[in-house]
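Fold and geometry: a report
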Amino acid sequence: MATILASIPDGVEATSAPPVRWQESMRRAVRSSGELLRLLDLPESDFSGAAEAEFPVFVPREFIARMSRNPHDPLLRQVLASPEETSQVWSAGGLIDPVGDNAATRNPGLLQKYVGRSLLITSGACAIHCRYCFRRHYPYQTAPKGPSGWHASLDILREDVSVEEVILSGGDPLTVTDSQLHWLVGELNQMTHVRRIRIHTRVPVVIPQRVCEELLAWVRTSRAAIYFVLHVNHPQEIDAKFAESMRQLRTAGATLLNQTVLLRDINDSPAIQLELCRQLVNMQVLPYYIHHLDRVAGALHFESTVESGHAIIEHLRNNLPGYAVPKFVREVAGQPSKTPL
Ligand code: SF4
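Let us look at the structure shown here.

Definitions and limits used
All residue numbers here refer to positions counted from 1 along the written sequence of the relevant chain. The model is predicted, so local features are restricted to residues of pLDDT at least 70 and side-chain atom pairs to those at 80 or more, both for listing and for counting; the totals for chains, interfaces and linings are taken over all residues. Remark: hydrogens and water are excluded; side-chain values derive from all non-hydrogen atoms of the structure. When we say a residue is near a molecule or strand, we mean one of its heavy atoms is within 4 Å of it. Any residue outside Ala, Val, Leu, Ile, Met, Phe, Trp, Tyr, Cys, Pro, Asp, Glu, Lys and Arg is labelled polar, Gly included; the first ten of those are nonpolar and the last four are charged. In DSSP terms, a helix is any run of H or I states spanning at least four residues, a strand is any run of E spanning at least two, and both are numbered starting from the N terminus. Note on method: axes are straight lines fitted to C-alpha atoms, helices fitted across the in-contact stretch only, with angles between N-to-C directions ranging 0 to 180 degrees. Any angle between 65 and 115 degrees counts as roughly perpendicular, while under 35 counts as roughly parallel, over 145 as roughly antiparallel, and the rest as oblique. Take the far helix as your reference; a near helix turned counterclockwise from it by less than a right angle gives a left-handed crossing, and one turned clockwise gives a right-handed crossing. Residues count as neighbours in contact if any of their non-hydrogen atoms are within 4.5 Å of one another. In plain words, nonpolar cores are sets of buried Ala, Val, Leu, Ile, Met, Phe, Trp, Tyr and Cys residues tied together by side-chain atoms within 4.5 Å. Any residue under 20% of the maximum accessible area for its type is buried, any over 50% is exposed, and the rest in between are partly exposed; the area is computed with a 1.4 Å probe on protein chains only. Only strands joined by at least two bridges in the DSSP assignment are considered to pair. Note on definitions: salt bridges are taken to be side-chain nitrogens of Lys or Arg within 4 Å of carboxyl oxygens of Asp or Glu. Here the expected span of a helix is defined as 1.5 Å times the quantity of residues minus one. Throughout, the arc means that of the directions going from the helix axis to the C-beta atoms.

**Side note on the site of the ligand**
- Around the ligand, the neighbouring residues are Cys126, Ile128, Cys130, Cys133, Gly171, Arg202 and His231.
- Looking at the shell around the ligand residue by residue, the class counts come to 4 nonpolar, 2 polar and 1 charged.

**A look at unusual backbone geometry**
- Glycine 170 connects to glycine 171 through a cis peptide bond whose omega is 15°.
- Note that glycine 171 resides in the loop between β4 (165–169) and α8 (178–189).
- In the Ramachandran plot, aspartate 41 falls in the positive-phi region, its phi being about 60° despite a non-glycine side chain.
- Its place among the elements puts aspartate 41 in the loop between α2 (33–39) and α3 (49–54).
- The backbone phi angle of aspartate 265 is positive, close to 60°, even though this residue is not glycine.

**Things to note about the packing of helix α12 (residues 270–282) against helix α13 (residues 306–319)**
- Packing of α12 against α13 brings their axes to within 9 Å, and their N-to-C directions diverge by 50°. Classified by the angle between their axes, α12 and α13 sit oblique to one another. Our pair here, α12 against α13, has a crossing hand that is right-handed. Contact with α12, carried on its side by Pro270, Ala271, Gln273, Leu274 and Cys277, involves Ala311, Ile312, His315, Leu316 and Asn319 of α13 and no other residues of that element.
- Looking at the contact of α12 with α13 residue by residue, the classes come out as 7 nonpolar, 3 polar and no charged.

**Regarding the nonpolar core**
- Grouped together as the largest cluster of nonpolar side chains are 76 residues, with contacts concentrated most on Leu36, Met67, Leu215, Trp218 and Phe228.
- Not counting the four nearest positions on each side in its chain, tryptophan 218 is found in contact with Leu174, Asp178, Leu181, His182, Val185, Ile199, Ile226 and Phe228.
- One finds Ile312, Ile313, Ala324 and Phe328 within the second-largest nonpolar core, a separate group that totals 12 residues.

**Re the pairing of strand β2 (residues 110–114)**
- Summarising the sheet, strand β1 (residues 105–107) and β2 pair through 2 bridges and their orientation is antiparallel. Note that in β2 the partner of threonine 105 across the bridge is leucine 111.
- Relative to strand β3 (residues 117–121), β2 runs antiparallel, the two sharing 3 bridges. Within the sheet, the bridge partner assigned to tyrosine 114 lies in β3 and is arginine 117.
- The turn joining β2 and β3, which pair antiparallel and follow one another in sequence, is formed by 2 residues; a positive phi near 80° is taken by glycine 116.

**Quick notes on the packing of α8 against helix α10 (residues 213–221)**
- Contact geometry for α8 and α10: axes closest at 9 Å, N-to-C directions at 5°. In terms of axis orientation, α8 runs roughly parallel to α10. Along its contact with α8, which presents Asp178, Leu181, His182 and Val185, the element α10 presents Glu214, Leu215, Trp218 and Thr221.
- For the contact of α8 with α10, the per-class residue count stands at 4 nonpolar, 2 polar and 2 charged.

**Here we look at the pattern of salt bridges**
- Counted under the stated rule, the structure contains 24 salt bridges.
- Linking glutamate 24 and arginine 27 is a salt bridge whose minimum nitrogen-to-oxygen distance equals 2.7 Å. Taken together, the residues glutamate 24 and arginine 27, both in helix α1 (residues 22–27) and 3 residues apart, mark about one turn of the helix.
- On the basis of relative accessible area, arginine 27 is assigned to the exposed category, the value being 55%.
- One salt bridge connects glutamate 213 with arginine 220, and the closest N-O pair in it is separated by 3.7 Å.
- Counted as one network, the salt bridges with shared partners bring together Asp101, Lys113, Arg135, Glu331 and Lys338.

**Overview of the environment of glutamine 248**
- With respect to the helices, strands and loops of the structure, glutamine 248 is situated in helix α11 (residues 240–251).
- On the basis of relative accessibility, which here comes to 24%, the residue glutamine 248 falls in the partly exposed class.
- Considering only alpha carbons, one finds glutamine 248 and valine 166, 82 residues apart in sequence, at a separation of 22 Å.

**Some points on the environment of alanine 104**
- Relative to the assigned elements, alanine 104 resides in the loop between α6 (88–91) and β1.
- With relative accessibility at 12%, the residue alanine 104 sits in the buried group.
- It is 9.0 Å that separates the C-alpha atoms of alanine 104 and alanine 333, two residues lying 229 residues apart in sequence.
- If sequence neighbours within four positions are ignored, alanine 104 has contacts with Leu110, Leu111, Gln112 and Lys113.

**Some words on α12**
- Counted at 1.5 Å a residue, the expected span for α12 with its 13 residues is 18 Å, and the 18 Å between its end C-alpha atoms agrees.
- Within the sequence span of α12, burial applies to Gln273, Leu274, Leu276, Cys277, Leu280 and Val281. In a view along the axis of α12, the buried residues occupy a sector of 165°, so they form one face of it. Looking at α12, the residues exposed on the side facing more than 90 degrees away from the buried face are Ala271 and Asn282.
- Looking at the buried positions of α12, the neighbouring elements they touch are β7 (255–261), β8 (286–291) and α13.
- Residue glutamine 284 follows α12 closely and has a positive phi angle near 60°.

See below:
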């Protein structure tokens, strides 16, 4: 088995080093495939500059430290700009808006797909660029940012008493400062019909120190129940710092769920998913969904088969308690809920 990197050059954080602030981790993230491969001592030929020009590379060094020196490393393959992204072979059927975000827009940056739940595109930024991202072509420039930009959407949510749950998404909402998130959660808490605030994020996975005191403060004081939906795809993404960040969120009163995207030759194996679900429930993070890939342009080479998903779910059912078995779903644009597979 390949060795997982404990430390790599250029100041990548080793597991024993004191954590840097999350903003600093964002600032020093690796922004090119060439540099990423160089840090891993891998040949600098196996990437596509054209793909990178279309969707920039962005990988925190904390995440790179969990990779192995192996071109097939499951973490590396999620973030390296590969030639398949721009290849004709994989381009047929790829969509710019695979899940119907545009049709679900009720105000710039405010989406509503399902009864009782509205989604606010809180930020266009992410702490990692996942090459299979279903929103890799989303027009983030159209989504207003910050308290002054969110006002119009908040006015709509204030008037619409049918909205019980507000989902903060993006991009990644945890790339926003805690003072702005504190303000936003405070505004939502004043709407008595909003009972739940759900935060979809991958930041604590890739930069665990994002779960800082300032963040825990607004989680602790929220009247509305706070749900975090994490996004972990592979057990190799989990380390002691991530586990500690989950403990802190739990202690602050949040409910923790995880969603995974089924990725060909990365995590579409019963053994890998079993290990992932085991580790998640041991941290009291409930496996929520395994998503069949959204057919976004540039990412079809990641698509696994529905049969693989079924085999995984059967294996999980045979080896885990029911609460540890996620639902295998796909999102079909225009449908009133996720579609079970
Ligand atoms: S963190 Fe989420 S929104 Fe951001 S690139 Fe990855 S999958 Fe897309």
